[in-house]
Amino acid sequence: MTEKYPEIIIEVKKRLSQKRFDHTCRVRDAALQIGEQWLRNGETQNLDCELLELAALLHDVAKEDDDLLKNRALHLEFRWGKELLDQANLIHAAAGAFVAEMEFGIKESSALIAIAYHPTGHPKLDALGHALYLADYCEPGRPFLTAKEHKKLMNRAISDRHGALLEVVQRKKDRVLEKGRQPHPLSSVFEESLYAHVSRRSAAAG
């Protein structure tokens, strides 16, 4: 794949471990595969794949920056709400949106929302956010997915956008429950919004 953003890739690589950077590149590739196919299928007409690529490259940019995560809490709460700051493993998403905007000049709300809510999902996510959410879970390096599961999920993501989103939300919920924790409130709201969309679509088709 030709690298469209070599300077951004170099900078992101500086900030991440090799393992995290490799994940980022796989997410970028999966997101573009999904998004470009949606455009070809007519699933969406308003998806900017260049912006999607930028969001994918930057979605974990703050994941390993402990100083940033600690020192920007008040700003992040003001911008994205307290929900993302309640769990330590989610703060990086809001921080990543901050870095994308303030350091990399990303101003489009679609990309910033996608980055901020990529771990939990959110009803405000549009096609760009959906593609990133799916790609982050479905990328082929995920140890909790077999090669067969990865292929099946990617195929469903391409052909059945909201069905794939519901499946991933439910898979994430099951993993959280298995660990003795409760799903994040934003994930639950996202799941409810997807059920509502699928129900409306079924009613219209029937």
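Refer to the structure above for everything that follows.
Now for a quick tour of the structure. Please read all numbers here as calculations on a predicted model, not as lab measurements.

So, about the overall build of the protein. Looking only at helices and strands, one finds eleven helices and zero strands in the protein. What you see in the protein, going N to C, is helices and strands ordered as α-α-α-α-α-α-α-α-α-α-α. Within the protein, contacts between residues separated by at least 24 positions form 66% of all contacts whose residues are at least 6 apart in sequence. Accessible surface, the protein: about 10,600 Å² in total, of which carbon and sulfur atoms supply 50%.

Before going further, it helps to examine the packing of helix H9 (residues 147–159) against helix H10 (residues 161–178). At a closest axis distance of 6 Å, the pairing of H9 and H10 adopts a crossing angle of 140°. The angle between the axes of H9 and H10 places the two elements in the oblique class. With respect to the hand of their crossing, H9 and H10 are arranged in left-handed fashion. Mapping the contact onto sequence places Glu149, Leu153, Arg156, Ala157 and Ser159 in H9 and Arg161, Gly163, Ala164, Glu167, Val168 and Arg171 in H10.

Turning next to the packing of aromatic side chains. With the rule as written, the count across this model stands at two aromatic pairs. Their ring planes at 75° and their centres at 5.2 Å tell us that Tyr133 and Phe190 sit as a pair that is edge-to-face. On the criterion of sequence distance, the pair formed by Tyr133 in helix H8 (residues 127–138) and Phe190 in helix H11 (residues 185–205) is long-range, its members being 57 residues apart. With a centroid separation of 4.9 Å and 40° between ring planes, the pair formed by Tyr137 and Phe144 is classed as tilted. A relative accessible area of 4% means that Tyr137 is categorised as buried. Phe144 gets classed as partly exposed once you look at its relative accessible area, which sits at 26%. For Arg161, the ring lying beneath its charged end belongs to Trp38, and the centroid distance is 5.1 Å.

Looking now at the nonpolar core. As a rule of thumb, nonpolar side chains are buried together in soluble globular proteins. Counting residues in each nonpolar core, the largest one holds 61 residues, and the members touching the most others are Ile8, Ile34, Leu58, Ile106 and Leu134. If you tally residues by element for this core, the top one is H8, at nine residues. In contact with Ile8, other than residues within four places in its own chain, are Leu54, Leu57, Leu58 and Phe104.

Attention now moves to the pattern of salt bridges. On inspection of all chains with the given rule, the structure shows 14 salt bridges. Salt-bridge contacts for Asp136 lead to Arg142; the nearest nitrogen and oxygen are separated by 3.3 Å. There is no split in this pair, since Asp136 and Arg142 are both buried. Each of the salt bridges in this network shares a partner with another, and the network as a whole consists of Glu149, Arg156, Asp160, Glu167 and Arg171.

With their axes 7 Å apart at the nearest point, helix H6 (residues 91–102) and helix H7 (residues 109–116) run at an angle of 150° to one another. One finds that H6 runs roughly antiparallel with respect to H7. The residues of H7 that touch H6, namely those facing Ala93, Ala94, Gly96, Ala97, Ala100 and Glu101, are Leu112, Ile115 and Ala116.

For the rest of this paragraph, the subject is helix H3 (residues 49–58). Counted residue by residue, H3 has nine buried out of ten residues, so it is predominantly covered. Within the sequence span of H3, burial applies to Cys49, Leu51, Leu52, Glu53, Leu54, Ala55, Ala56, Leu57 and Leu58. Along its buried surface, H3 packs onto helix H1 (6–15), helix H2 (18–41), H6, H7 and H8. The N-cap of H3, judged by a side-chain oxygen 3.0 Å from the amide nitrogen of Glu50 a few residues on, is Asp48.

Cut-offs and rules
- Residues take numbers from 1 onward in each chain, read along the sequence in its written order.
- A pLDDT threshold of at least 70 governs which residues receive local features in this predicted model, and a stricter bar of 80 or more applies before side-chain atom pairs are shown or counted, although totals over entire chains, interfaces and linings include all residues.
- Hydrogens are left out, water is left out, and the side-chain values use all remaining heavy atoms of the structure.
- Per the convention used, a helix needs a DSSP run of H or I reaching at least four residues, while a strand needs a run of E reaching at least two, with both numbered from the N terminus.
- When checking whether two residues touch, look at their non-hydrogen atoms; a contact exists if any pair is within 4.5 Å.
- All accessible areas in this document rest on Shrake-Rupley with a 1.4 Å probe, and a residue is counted as covered only by the protein chains that are shown.
- Fitting a line to C-alpha atoms yields each axis, with helices limited to the stretch in contact; the angle taken between N-to-C directions then spans 0 to 180 degrees.
- Oblique is the label for every angle not falling under 35 degrees (roughly parallel), over 145 degrees (roughly antiparallel), or within 65 to 115 degrees (roughly perpendicular).
- Here a crossing is taken to be left-handed if its near helix is turned anticlockwise relative to the far helix by less than a right angle, and right-handed if that turn runs clockwise.
- Ring pairs shown here join Phe, Tyr and Trp side chains whose ring centres sit within 6.5 Å, with only the six-membered ring taken for Trp; geometry is labelled stacked below 30 degrees between planes, edge-to-face above 60, and tilted in between.
- Relative accessible area decides the class of each residue, using a 1.4 Å probe on protein chains only: under 20% of the type maximum gives buried, over 50% gives exposed, and in between gives partly exposed.
- Criterion for a charge above a ring: Lys NZ or Arg CZ within 6 Å of the ring centre, and within 35 degrees of the ring normal.
- Buried residues of nine kinds, namely Ala, Val, Leu, Ile, Met, Phe, Trp, Tyr and Cys, make up a nonpolar core once their side-chain atoms join them within 4.5 Å.
- We define a salt bridge as a contact between a side-chain nitrogen of Lys or Arg and a carboxyl oxygen of Asp or Glu at a distance within 4 Å.
- N or O atoms closer than or at 3.5 Å make up a polar contact, with two conditions inside protein: a donor-capable atom paired with an acceptor-capable one, and, for residues adjacent in sequence, both atoms drawn from side chains.

So far we have only geometry, and geometry alone does not tell us how the molecule works.
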